[in-house]
Amino acid sequence: MGEKFQPFIHLLDIPYGKYVFDVNKSSAIKVPDAVYAYLKDMTNEPDAEVREYLEDLRARGYLKEKHVKVSEHPVTEYYHSFLKNNLGQLTLQVTQGCNLKCEYCAYSGNYFNREHTNKAMSFETAKKAIDYFISHARDSSHFAISFYGGEPLLEFGLIKQCVAYADSRAEGREVSYNFTTNGTLLTEEKYDYLVEHNFAVLVSLDGPQEVHDRHRIFAGSTVGSFQKMSDNVKMLRRKYPNYFAEMVSFNTVIDPAYPIKAICDFTDTDEWISGSNILSTVINDVQAKEKNHYSETFLEEYEYEKFKVLLWKVGRLEKKDISPLMRKHFTGIKQMAAFFERTEQNELPDKGHRGGPCIPGVRKLFVDVDGRLFPCERVSETSEVACIGHIDSGIDEKKALQLLNIERITSEECRNCWAYAMCSTCFMYAEDKGKLSRDKQLMECQSNRMQADKQIKDYLVLRELGYSGELDS
Ligand code: SF4
Ligand code: SF4
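This report concerns the structure included in the present document. (Residues numbered from 1 in each chain as written. Chains lettered and ligands numbered in written order. Predicted model: local features only at pLDDT ≥ 70, side-chain atom pairs only at ≥ 80, totals over all residues.)

## Observations concerning the site of ligand 1
Consideration 1: By nearness alone, every residue bordering ligand 1 is listed as Pro357, Cys358, Lys364, Pro375, Cys376, Arg378, Val379, Cys426 and Met428.
Consideration 2: A per-class count over the shell around ligand 1 returns 7 nonpolar, no polar and 2 charged. (Near = placed C-beta within 6 Å. Nonpolar A, V, L, I, M, F, W, Y, C, P; charged D, E, K, R; others polar.)

Here you go:
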């Protein structure tokens, strides 16, 4: 087992022991300290005890040296048929306009990927998109249509036309609708309509007024939107409490330059949002002209709040002690648990693709105001490479396959990367001035691997702390 032995592994040291993540088996196994120490540098010959342990691991299929040989996404050969029948969700960009001008919004001018315009989608374009969706979702008994902006409620009339049209075309199959809103344009008339059509509504709420109004300002003014948004939301909750409980959620965009505790406390205690489902994301800076600044206080408080989630899961804290904002942290651990359950295997295949990309134009389809097609609403609308077709001509399969097989621009690095299967970046991170850039992609890799490392460790800590229940929320 001399110098040439190079098992494809990643080592993890957590307070409860030493682990080896075996890339071929997609499994994490606890090992004695001496084995861990040997695997860490592998320069000296192992002693007899370590050698015996390693041989036993190898006999059980661990410590293989194999790497994927050819980069090819397994869906590549079925892509054409997937495209024809399996479309999952349609998102219509009904407007690029907004009545707010939030600094971190993709339309604020602070991003490379979008420009603010007052363009709205025509009903003709929307109809074509809905027809395309229905004829490419043949295997679905249920359709999901999202309305996206700017602020979609600026085009409430168009939304109503689309709903009537989609319902008339659905041939008895169920259609569900949703949108994200800044909440300032919600009115009683709109509530009645949303309730009647059982819309799922995601309201943007960044925290208490002083936090929310830092960024969420009415366009052309310095006036914050918190008061208007919260008055509207409170009215909706009073008028339709059951609908509100089931169908209204909140999305919090966190600016990591500031402490997080004020937001956690607010989402925990304020009456009009109590009991609501709250999603959260850190400001998306992938295409931003300026990258996020993470303050030390933020990082400390964030880690502390995350640790509380683990303690809650092993019964050492109660649910009420955990901010709703942080409960979703458990989703990441659940995904990691599912990953380990799902992917345990003998070895890596000869032909494969790293994790990360969706199947473009299948999982979701985003249609912009002009009828251009994109894999989702998060990618750059000004990018030539991200545009995978037009509603008049359909998907350009060659371009879409290039995005599906994004690993090919960094094949060598990916095939040697321990985070291969759990990589979470798609082409969006590699896009630079309309082209796919290998260098830009590689700039993301370190933080991507750090995130995977942290998530495996959280999962292992939870296991060590004795969490044995269902990984439910
Ligand atoms: S962010 Fe990337 S992987 Fe996710 S849906 Fe959009 S294109 Fe697909
Ligand atoms: S982190 Fe980078 S090198 Fe590793 S699999 Fe992802 S894209 Fe490839």
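## Some thoughts on helix H13 (residues 329-343)
Consideration 1: Helix length check: H13, at 15 residues, gives a terminal C-alpha distance of 22 Å against a target of 21 Å (1.5 Å per residue), a fit within 8%.
Consideration 2: Listed as buried for H13 are His329, Phe330, Ile333 and Met336. For H13, the angular spread of buried residues about the axis comes to 115 degrees, placing them on one side. Exposed residues lying more than 90 degrees from the buried face of H13 are Thr331, Ala338, Glu341 and Arg342.
Consideration 3: The inward-facing, buried residues of H13 abut helix H11 (296-313), helix H12 (324-327) and helix H16 (438-464). (Helix = DSSP H or I, 4+ residues; strand = E, 2+ residues; numbered from the N terminus. Expected span 1.5 Å × (residues − 1). Buried ≥ 20, exposed ≤ 12 C-beta atoms within 10 Å, placed from the backbone. Arc of directions from axis to C-beta. Contact = placed C-beta atoms within 7 Å.)

## Remarks on the packing of helix H4 (residues 123-135) against helix H5 (residues 156-169)
Consideration 1: Where H4 contacts H5, the axes come no closer than 10 Å and their chain directions differ by 35 degrees. Handedness of the crossing formed by H4 with H5: right-handed. Between H4 and H5, the residues in contact are Phe123, Ala126, Lys127, Ile130, Asp131 and Ile134 and Leu158, Gln161, Cys162, Tyr165, Ala166 and Arg169, respectively.
Consideration 2: The residue makeup of the contact of H4 with H5, split by class, is 8 nonpolar, 1 polar and 3 charged. (Axes fitted to C-alpha atoms, helices over the stretch in contact; angles between N-to-C directions. Left-handed = near helix turned anticlockwise from the far one by under 90°.)

## Let's talk about the site of ligand 2
Consideration 1: By nearness alone, 13 residues border ligand 2, and Glu413, Cys414, Cys417, Cys423 and Cys445 come closest of all.
Consideration 2: Counting only elements with at least two residues in the shell around ligand 2, the list comes to helix H15 (411-415) and H16.
Consideration 3: When residues in the shell around ligand 2 are grouped by element, the largest group, 4 residues, is from H16.
Consideration 4: Per-class residue counts for the shell around ligand 2 are 6 nonpolar, 4 polar and 3 charged.

## Thoughts on the nonpolar core
Consideration 1: In this structure, Leu92, Ala129 and Phe133 are the most contacted members of the largest nonpolar core, which totals 59 residues.
Consideration 2: Counting residues in hydrophobic clusters, the runner-up holds 39 residues, among them Phe8, Ile322, Phe330 and Cys414. (Core = buried A, V, L, I, M, F, W, Y, C linked by C-beta atoms within 7 Å.)

## With respect to the sheet that holds strand E7 (residues 174-181)
Consideration 1: The sheet built from 10 strands is open, its strands ordered E10-E9-E8-E7-E6-E5-E12-E13-E14-E15 with mixed pairing. Among the strands making up the open sheet, the edge pair consists of strand E10 (277-282) and strand E15 (394-395).
Consideration 2: Sheet analysis places strand E13 (residues 372-374) next to strand E14 (residues 389-390), joined by 2 bridges and oriented antiparallel. In the strand pairing of E14, Arg372 is matched with His390. (Pairing = 2+ DSSP bridges.)

## Topic: the environment of Ser141
Consideration 1: Looking at the element boundaries, Ser141 is found in the loop between H4 and strand E6 (142-148).
Consideration 2: Taking the C-beta count within 10 Å as the criterion, Ser141 has 8 such neighbours and is therefore assigned exposed.
Consideration 3: With 29 residues separating them along the chain, Ser141 and Ala170 place their C-alpha atoms 9.5 Å apart.
Consideration 4: Beyond its immediate stretch of four places on either side in the chain, Ser141 contacts Arg173 and Glu174.

## Considering the sheet that holds strand E3 (residues 27-31)
Consideration 1: Pairing is antiparallel across the open sheet formed by 3 strands, whose spatial order is E1-E2-E3. Two strands close off the open sheet at either side, each with one partner strand: strand E1 (9-14) and E3. Going from strand to strand, the sheet's axes swing by 30 degrees on average, the running direction of each strand aside.
Consideration 2: Across 6 bridges, the pairing between E1 and strand E2 (residues 17-22) is antiparallel. Across the sheet, residue Leu11 finds its bridge partner in E2, namely Val20.
Consideration 3: Across the face of the sheet, helix H1 (residues 33-41) comes into contact with E1, E2 and E3 while running at roughly 135 degrees to E1.
Consideration 4: Taken strand by strand, H16 contacts E1, E2 and E3, and its axis lies near 55 degrees from that of E1.

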